[in-house]
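# Observations on chain architecture
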Amino acid sequence: WMSKTEVATARIPAYWLDGTGHDSTPAGAPPANGERVLYHLHGGGYVRMSASPKDMAGDIIRGIMQHTPSITRAFSLEYRLASAFPDAPANAFPAALLDAIAGYLYLVRDVGFAPEDIILSGDSAGGNLALALARYLVENPGVDGMPATPRGLLLLSPWVDLSGSHDQQAIFDGLFKSDYLSLPSTTVRQHSLDAFLGPLGHDGSLSRYISPASIDPRAEPVSFEGFPCTFVSGGGGESF
């Protein structure tokens, strides 16, 4: 994948977000005894938005911590965004996955969190990325010292079919009329696909790492054996 899309590893930033009453915790401080951390991957179609506490993902994270007293801080990753024409093409898959792996290794190896104390979360495209990261950990146990899977997955309206195999059903059900994302034919959605898939094209969208919920008969077989306990949240009137 890296060779085909000309993606390399890179040094990237991230943000620590503290829960109410815990804003004195130094960034990257070792975990307290029994402490759990929320590792969040933001949405935005892989082409926009940010991990910044000032962006939309910040409100999602603060909301989770407000109702989860056992989690007092969160780690939000500023993974590389993909781009396509009219901008210079860059950071197609697997750039974001490489970054997500790096963030997980940082939490375990550098900060000192045990995998069983990490809750992996993501919204929209971030939910897609969280699933891809979990799959990588499940399928590569112990390879090059790869840590175990996290304690759980929290997926908020995850984008789990980039192949478009569910689009006609969503249109038939009238979901796109009520959806935040509007019609599936919008240039915004297509731009996200073009940027994220890059040289992989539509065939790339059939990968189990990219469209684990695809019903396209050409899609890769998908198994969730060995995955962490997972909670999926979605609206009844949304296409996802």
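This text follows the structure it describes.
Residues numbered from 1 in each chain as written. Predicted model: local features only at pLDDT ≥ 70, side-chain atom pairs only at ≥ 80, totals over all residues. Heavy atoms only, no water.

### As for the overall build of the protein chain
Looking only at helices and strands, the protein chain features eight helices and six strands. Counted from the first residue to the last, the protein chain has its helices and strands arranged as α-β-β-α-β-α-β-α-β-α-α-α-α-β. A compact globule built from 240 residues should have a C-alpha radius of gyration of about 18 Å, and the protein chain, at 17 Å, falls within 12% of that. Counting only C-alpha atoms and orienting by the principal axes, one finds that the protein chain spans roughly 50 × 40 × 40 Å. Across the 240 residues that make up the protein chain, the buried fraction comes to 50%. (Helix = DSSP H or I, 4+ residues; strand = E, 2+ residues; numbered from the N terminus. Rg over C-alpha atoms; globule rule 2.2 N^0.38 Å. Buried < 20%, exposed > 50% of the residue type's maximum accessible area, 1.4 Å probe, protein only.)

### Structural notes on the nonpolar core
Soluble, globular proteins show a tendency: their nonpolar side chains are buried together. Ranked by size, the top nonpolar core spans 42 residues in total, and within it Tyr39, Leu41 and Leu133 carry the most contacts. Among the elements of the structure, strand S2 (36–41), strand S3 (71–77), helix H3 (95–111), strand S4 (118–123), helix H4 (125–139), strand S5 (152–156) and helix H7 (187–197) are those that each provide at least two residues to this core. Discounting chain neighbours no more than four positions away, the residues touching Leu133 are Tyr39, Leu97, Ala100, Ile101, Tyr104 and Leu120. Within the second largest apolar cluster, 10 residues are counted, among which are Leu17, Leu38, Ile64 and Leu156. (Core = buried A, V, L, I, M, F, W, Y, C linked by side-chain atoms within 4.5 Å. Contact = heavy atoms within 4.5 Å.)

### Considerations on unusual backbone geometry
Here Phe85 and Pro86 are connected by a cis peptide whose omega angle stands at 10°. The residue Pro86 is located in the loop between S3 and H3 in this model. Cis rather than trans, the peptide bond between Phe93 and Pro94 has omega equal to 15°. Considering the arrangement of structural elements, one finds Pro94 in the loop between S3 and H3. With phi around 55°, Glu6 is a residue other than glycine that occupies positive phi space. As for its position among the elements, Glu6 is in the loop between helix H1 (2–5) and strand S1 (14–18). Residue Glu6 is classed as exposed on the basis of its relative accessible area, which comes to 76%.

### As for the sheet that holds S5
Read from one edge of the open sheet, six strands run S1-S3-S2-S4-S5-S6, paired in mixed fashion. If you trace the sheet from one side to the other, it starts and ends with S1 and strand S6 (229–233), each paired once. Each neighbouring strand pair of the sheet contributes to a mean axis angle of 20°, computed without reference to strand direction. Across five bridges, S5 lies against S6 in parallel orientation. Bridging from a neighbouring strand, Leu155 pairs with Val232 of S6. (Pairing = 2+ DSSP bridges. Axes fitted to C-alpha atoms, helices over the stretch in contact; angles between N-to-C directions.)

### So, the packing of aromatic side chains
All chains considered together, the criterion is met by nine aromatic pairs. Here Trp1 and Tyr209 contribute two aromatic rings whose centre-to-centre distance is 5.3 Å and whose plane-to-plane angle is 75°, an arrangement assigned as edge-to-face. Of this pair, Trp1 sits in the segment before H1 while Tyr209 sits in the loop between helix H8 (201–204) and S6, placing them 208 residues apart in sequence. We classify Trp1 as partly exposed; its relative accessible area is 46%. Residue Tyr209 is classed as buried on the basis of its relative accessible area of 5%. Centre to centre, the rings of Tyr46 and Tyr79 are 6.1 Å apart; their planes meet at 65°, and the pair counts as edge-to-face. Pair noted here: Tyr46 is in the loop between S2 and helix H2 (56–66) and Tyr79 is in the loop between S3 and H3, with a separation of 33 residues, a long-range link. When its relative accessible area of 2% is taken as the criterion, Tyr79 is described as buried. Its guanidinium or amino end placed over the ring of Phe224, Arg135 lies 5.2 Å from that ring's centre, counting from NZ or CZ. (Phe/Tyr/Trp six-rings, centres within 6.5 Å; stacked < 30°, edge-to-face > 60°. Lys NZ or Arg CZ within 6 Å of the ring centre and 35° of its normal.)

### Focus on the layout of surface pockets
Quantified by volume, the second largest pocket comes out at close to 320 Å³. Listed by contribution, the elements that provide at least two residues to the lining of the second largest pocket are S3 and H3. When residues of the lining of the second largest pocket are assigned to their parent elements, the largest contribution, six residues, is made by H3. Here the lining of the second largest pocket is built from residues that sort into 10 nonpolar, two polar and three charged. (1 Å grid on protein atoms, 1.4 Å probe; cavity = no way out; pocket = protein on both sides within 12 Å on 5 of 7 lines; lining within 4 Å. Points joined across faces, edges and corners; volume = space filled by probe spheres on them. Nonpolar A, V, L, I, M, F, W, Y, C, P; charged D, E, K, R; others polar.)

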